[in-house]
Amino acid sequence: MGENGIASEFGDLTGMTRQEVDDFLRGLGAEIRTTREGYVAYKFFDKSKVMIRPNGEVIRTPAPKYGSDGRNINKGLRLHRNGHLLQTRDKLGNLIPGTHNTGKN
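Residues numbered from 1 in each chain as written. Predicted model: local features only at pLDDT ≥ 70, side-chain atom pairs only at ≥ 80, totals over all residues. Heavy atoms only, no water.

Regarding the overall build of the protein
Part 1 of the argument: A count of helical and extended segments in the protein gives 1 helix and 6 strands.
Part 2 of the argument: The secondary structure elements of the protein, listed N-terminal to C-terminal, are α-β-β-β-β-β-β.
Part 3 of the argument: For 105 residues, the compact-globule estimate of 2.2 N^0.38 gives 13 Å, and the C-alpha radius of gyration of the protein, at 14 Å, lies within 12% of that figure.
Part 4 of the argument: For the protein, the residues scored as buried account for 30% of the 105 residues in total.
Part 5 of the argument: Sequence separation of 24 or more characterises 29% of the internal contacts of the protein that already satisfy a separation of 6 or more.
Part 6 of the argument: Averaging the positions of the 17 positive and the 12 negative side-chain charges in the protein gives two centres separated by 7 Å. (Helix = DSSP H or I, 4+ residues; strand = E, 2+ residues; numbered from the N terminus. Rg over C-alpha atoms; globule rule 2.2 N^0.38 Å. Buried < 20%, exposed > 50% of the residue type's maximum accessible area, 1.4 Å probe, protein only. Contact = heavy atoms within 4.5 Å. Lys, Arg positive; Asp, Glu negative; His and termini not counted. Charge placed at Lys NZ, Arg CZ, Asp CG, Glu CD.)

Regarding the packing of aromatic side chains
Part 1 of the argument: For the coordinates displayed, the defined rule picks out 1 aromatic pair.
Part 2 of the argument: Ring geometry for Phe10 against Phe24: centres 5.2 Å apart, planes inclined by 85 degrees, an arrangement best described as edge-to-face. Here the residue Phe10 occupies a position in the segment before helix H1 (18-27), and Phe24 occupies one in helix H1, the gap between them amounting to 14 residues. (Phe/Tyr/Trp six-rings, centres within 6.5 Å; stacked < 30°, edge-to-face > 60°.)

Description of the pattern of salt bridges
Side chains that carry opposite charge are capable of pairing whenever their charged atoms lie near each other.
Part 1 of the argument: Going through the model one piece at a time under the given rule, you end up with 4 salt bridges.
Part 2 of the argument: A salt bridge links Glu57 to Arg53, with the shortest nitrogen-to-oxygen separation between them at 2.3 Å.
Part 3 of the argument: In this structure Glu57 comes out as partly exposed when scored by relative accessible area, which is 27%.
Part 4 of the argument: Asp69 is the salt-bridge partner of Arg71, the closest N and O atoms lying 3.8 Å from each other. (Salt bridge = Lys/Arg side-chain N within 4 Å of Asp/Glu carboxyl O.)

Considerations on H1
Part 1 of the argument: The set of residues buried in H1 consists of Val21, Asp22 and Leu25. Along the long axis of H1, the arc covered by the buried residues comes to 100 degrees, so they all point the same way.
Part 2 of the argument: Taken together, the buried residues of H1 touch strand E2 (40-43) and strand E3 (49-52).
Part 3 of the argument: Downstream of H1 by one or two residues, Gly29 has phi in the positive range, about 90 degrees. (Arc of directions from axis to C-beta.)

Written out as structure tokens, the structure reads:
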């Protein structure tokens, strides 16, 4: 844990109330905004993020990392609830089936 920005530096948020999560993430210095779709987005200074969907699902994304050519090398990756990286795209950038839930039916 912790090698992918602030969003990877804490454990599972399961079992916490929405208010407890909000207080905790604000305490870590997150900027908060609500999207038109009803997501609550917590963005940290390192650009890692925690998004909470209207249904309560938590989505964590790592701080961007860049290759020597300036390309974002971890774009499209997400963090597991324990802070470790989840691979959601293959080396060609294609979505790996079953790894990315958009929340849309």
